[in-house]
Amino acid sequence: MDKTPLPISDLLALRDGELHEAKASAVDPQVRAQLTRLHELRGELQALPDVPISDAAWQKIATAPEHGRRGGGPPGHWLRYPLATAASVFFASLLGIYLVFGGQVPVESGVAPASVVNTAPQLQAGGLQLAGLMNRSRELELRLRGVQPLAPASDVVVASTEAVAAPSSVERQLMGRLTDVDAQIARMFESGIQDPQLRERLWGQRVILLESLVAVRGGQVSDLFEDGRSM
Amino acid sequence: MAGFADIRLPDAVAQGVIDGERSALADAYGLLAQAVMNLAARILQDRAQAEEVVQDTFIDLLEKSAQINNTQSIVAWVRKVAVNHCLMRLRSPWHARRTDVDAHEVHNDGQLDHSMQWVEQVPTLEQALGTLSEEARAVVWLHDVEGYTHKEIGALMGKTTSFSKSQLARAYERLLQWQQHMEAAQQVVVKRADGLQVEQQSQDKTHGQNTVTDIGPACPS
């Protein structure tokens, strides 16, 4: 009888009834013991306790508008992410204001300061076309070293193996807001909602957050604080 | 743990959801929200994001219920939407960077950590699950708890069936390590307890507290 240990993948296939009968007929006591462990683990996973849900989770659903009753602007989207949206706009604006009023900002070579510090006022003035926002968003992502937009999951895993420093709490907040904005953009795309103003607002937020992230990673914000400058 | 397989939506509630009735949605929420939360929290390992998935899922149900043709398919529909919301968040590059993933699993040289040190920090299966990579954890949960096939998981994640199988194997290598270590640790505890008990009995004898000799008259010689 073949005593070669079965690899874990075969054991799992055996457990799940997916293995060819020829191998199944060679099961020995040791394999049976391993199968028992695998069954036990699956049982323990299925028996994990419930994760508590806060009461606030239902409140947002209860106040969401019903389908077919939305007005010109879709307040439901803003209602769905009120904290995330407000925080992202506030935080990004705060950083934008520091960049604007903080005086000379050391930027990377090849990038004129005006292209960084003036983008927020330009966005605030409005009128930028959606394509321009998307292009700007893409440029900023490419500058953020190795993070490719819409990368497949396997590439993301590869990216995580790179020797990059752990993100600071400011970066994590910005990335959290970016996740929220991306989720809103994706939902709008999937639901086929045609609202150019909303789309432009979301992409505008994305650009502001990305610029803030570039600034934070470049150490520009910390430099401003150390200079003792204030608003 | 509340799972989708155990949930049966009453016909009246299901029809009410399809018709857009708020009260029916509230009833459906009461029956399904916990299963959505369990799925999202275990895949995303983040309660705040898991609650967002719950909200997004039921708002989708509110908005698109008229598109559901069959009252029997609402539970499966909700599960599918919840899974999609979870995977969408996992795909976001910002989510990956933010969570600083795989800290325990991958060293700088890209090799798996086979030492046992990490096991000592994770005394529960819940925590051991949290040390898996996001993809491996998603596959484990979808396959072993939610009952998806490898083919279905591959399609959901934009990967192959083989990918799903390899991720499940990878996850179980670590979970089995954890299980074996926990069993060994429990045996140590038992031995120590036994040792203490024997020591206590020995002390009792030394101090003349042996109940056998204290009970009854001495045997006649």
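Conventions and cut-offs
Within each chain, residue numbers correspond to sequence positions counted from 1 in written order. Lettering for chains starts from A, numbering for ligands starts from 1, and both go in the order in which the items are written. The model is predicted, so local features are restricted to residues of pLDDT at least 70 and side-chain atom pairs to those at 80 or more, both for listing and for counting; the totals for chains, interfaces and linings are taken over all residues. Side-chain measures were taken over the full set of non-hydrogen atoms in the model, leaving aside hydrogen atoms and water. Strands are runs of DSSP state E lasting at least 2 residues, helices are runs of H or I lasting at least 4, and numbering of each runs from the N terminus. Between buried and exposed lies partly exposed: a residue is buried under 20% and exposed over 50% of the maximum accessible area for its type, with that area taken using a 1.4 Å probe on protein chains only. Residue contacts are defined here by distance: any two heavy atoms, one from each residue, within 4.5 Å place the two residues in contact. Here the accessible surface of atoms and residues is derived via Shrake-Rupley with a 1.4 Å probe, and residues count as covered only by protein chains that are part of the display. Looking at any residue, its pLDDT shows the predictor's confidence there, from 0 to 100. The length a helix should cover is 1.5 Å for every residue beyond the first. Residues adjacent in sequence count toward polar contacts only when both atoms are side-chain atoms; beyond that, a polar contact is any pair of N or O atoms within 3.5 Å, and within protein one must be able to donate a hydrogen and the other to accept it. Salt bridges are defined as contacts in which a side-chain nitrogen from Lys or Arg sits within 4 Å of a carboxyl oxygen from Asp or Glu. When the centres of two rings from Phe, Tyr and Trp lie within 6.5 Å, Trp using its six-membered ring, the rings pair. Their planes under 30 degrees apart give stacked, over 60 give edge-to-face, and anything left gives tilted. Residues grouped as a nonpolar core are buried Ala, Val, Leu, Ile, Met, Phe, Trp, Tyr and Cys residues, joined through side-chain atoms within 4.5 Å. Structural elements are reduced to axes, namely lines fitted to C-alpha atoms, with helices fitted over the stretch in contact, and the angle between N-to-C directions of any two is expressed from 0 to 180 degrees. The scheme is simple: roughly parallel for angles under 35 degrees, roughly antiparallel for over 145, roughly perpendicular for 65 to 115, oblique for anything else. Polar here means any residue outside two lists: the nonpolar Ala, Val, Leu, Ile, Met, Phe, Trp, Tyr, Cys and Pro, and the charged Asp, Glu, Lys and Arg; Gly therefore counts as polar.

Caption draft 1: Expanded view of the overall build of chain B. Helix and strand content of chain B: 11 helices and zero strands. Counting across all 221 residues of chain B, residues that qualify as buried make up 50%. Residue pairs in contact within chain B that sit at least 24 positions apart in sequence constitute 68% of those at least 6 positions apart.

Caption draft 2: The overall build of chain A, seen in detail. A count of helical and extended segments in chain A gives 13 helices and zero strands. Secondary structure elements of chain A, listed N to C terminal, follow the sequence α-α-α-α-α-α-α-α-α-α-α-α-α. Across the 231 residues that make up chain A, the buried fraction comes to 39%. Taking contacts inside chain A between residues at least 6 apart in sequence as the whole, the part at least 24 apart equals 70%. Of the roughly 12600 Å² of accessible surface on chain A, a fraction of 58% belongs to carbon and sulfur atoms.

Caption draft 3: Focus on the confidence of the model for chain B. Residue and element names in this part refer to chain B. Averaged over all residues, the pLDDT of chain B equals 80, while 74% of them reach at least 70. The low-confidence segment residues 210-221 (pLDDT under 50) makes four contacts with residues lying over four places distant or belonging to another chain. With a pTM of 0.58, the predicted complex shows an ipTM of 0.76.

Caption draft 4: Expanded view of helix 8 (residues 134-145) of chain B. All names here are of chain B. With 12 residues, helix 8 ought to run about 16 Å at 1.5 Å a step, and its terminal C-alpha atoms sit 16 Å apart, in line with that. For helix 8, the tally of buried residues reaches 12 of 12 residues, placing the bulk of the element in the interior. Positive backbone phi, at 80°, marks Gly 147, one or two positions downstream of helix 8.

Caption draft 5: Fine view of the environment of Arg 206 of chain A. Residue and element names in this part refer to chain A. Note on placement: Arg 206 falls in helix 12 (residues 196-217). Remark: the alpha-carbon pair of Arg 206 and Met 134, spanning 72 residues in sequence, is separated by 9.0 Å. At 2.7 Å, the side chain of Arg 206 and the side chain of Ser 137 are in polar contact. A polar contact is formed between the side chain of Arg 206 and the side chain of Asp 182, at a distance of 2.6 Å.

Caption draft 6: Region of interest: the pattern of salt bridges. Enumeration according to the criterion identifies 11 salt bridges over all chains in this entry. Arg 15 of chain A is the salt-bridge partner of Asp 144 of chain B, the closest N and O atoms lying 2.8 Å from each other. Of the two residues, Asp 144 of chain B sits in helix 8 while Arg 15 of chain A sits in helix 1 (residues 8-15), which places them in two different chains. Across the pair, Arg 15 of chain A and Asp 144 of chain B agree in class, each one buried. With its nearest N and O atoms 2.8 Å apart, the salt bridge here joins Arg 206 of chain A to Glu 141 of chain A. Within this pair, whereas Arg 206 of chain A is found in helix 12, its partner Glu 141 of chain A is found in helix 9 (residues 130-143), the two being separated by 65 residues in sequence. There is no split in this pair, since Arg 206 of chain A and Glu 141 of chain A are both buried. Each of Arg 15, Asp 16 and Arg 42 of chain A together with Asp 144 of chain B takes part in salt bridges that share partners, so that together they form one network.

Caption draft 7: Geometry of the confidence of the model for chain A. All names here are of chain A. A residue-level look at chain A finds 49% of positions with pLDDT of 70 or above and a mean pLDDT of 66. Across residues 122-127, confidence stays below pLDDT 50; counting only partners more than four residues off in sequence or on other chains, it has six contacts. Taken together, the stretch residues 147-163 has pLDDT below 50 and engages in 25 contacts with residues farther than four places along the chain or on a different chain.

Caption draft 8: Highlighting the packing of aromatic side chains. Per the stated rule, a full pass over the model turns up two aromatic pairs over all chains. Judged by centre distance (4.8 Å) and plane angle (45°), the ring pair of Trp 58 of chain A and Tyr 29 of chain B falls under tilted. Of the two residues, Trp 58 of chain A sits in helix 4 (residues 56-62) while Tyr 29 of chain B sits in helix 2 (residues 22-44), which places them in two different chains. By relative accessible area, which is 21% here, Trp 58 of chain A ends up partly exposed. A centroid spacing of 5.0 Å and a plane angle of 65° characterise the contact between Tyr 29 of chain B and Phe 58 of chain B, whose relative ring orientation is edge-to-face. Separated by 29 residues along the polypeptide, Tyr 29 of chain B in helix 2 and Phe 58 of chain B in helix 3 (residues 47-64) bring together distant segments of the chain.

Caption draft 9: Focus on the side chain of Glu 146 of chain B. Mapped onto the fold, Glu 146 of chain B is located in the loop between helix 8 and helix 9 (150-156). If we ignore the near neighbours within four places in the chain, the residues touching Glu 146 of chain B are Phe 4, Leu 39, Arg 79 and Trp 141 of chain B.

Caption draft 10: Here's a closer look at the environment of Pro 10 of chain B. Residues and elements named next belong to chain B. In this fold, Pro 10 is placed in the segment before helix 1 (11-18). By relative accessible area, which is 39% here, Pro 10 ends up partly exposed. When the C-alpha atoms of Pro 10 and Leu 31 are compared, they prove to be 9.9 Å apart, with 21 residues separating the residues in sequence.

Caption draft 11: Spotlight on unusual backbone geometry. Its identity is not glycine, yet Gln 45 of chain B carries a phi of approximately 55°, on the positive side. Relative to the helices and strands, Gln 45 of chain B resides in the loop between helix 2 and helix 3.

Caption draft 12: Here's a closer look at the nonpolar core. Residue and element names in this part refer to chain B. Among the nonpolar cores identified, the biggest contains 77 residues, and Leu 32, Ile 43, Phe 58 and Ile 74 are the most heavily contacted of them. With 14 residues, helix 2 is the largest single contributor of residues to this core. Discounting chain neighbours no more than four positions away, the residues touching Ile 74 are Leu 9, Ala 14, Val 17, Ile 18, Leu 61 and Ile 68.

Caption draft 13: The packing of helix 2 of chain B against helix 8 of chain B, seen in detail. All names here are of chain B. Following both chains from N to C, one finds helix 2 and helix 8 inclined at 150°, their axes separated by 8 Å at the closest point. It follows that helix 2 is roughly antiparallel to helix 8 by the angle criterion. Of the residues in helix 8, those in contact with Asn 38, Leu 39, Arg 42 and Ile 43 of helix 2 are Arg 137, Ala 138, Trp 141 and Leu 142. Looking at the contact of helix 2 with helix 8 residue by residue, the classes come out as five nonpolar, one polar and two charged.

Caption draft 14: Structural context of the environment of Glu 152 of chain B. Position of Glu 152 of chain B among the secondary structure elements: in helix 9. With 12 residues separating them in the primary sequence, Glu 152 of chain B and Ser 164 of chain B have C-alpha atoms 9.1 Å apart.

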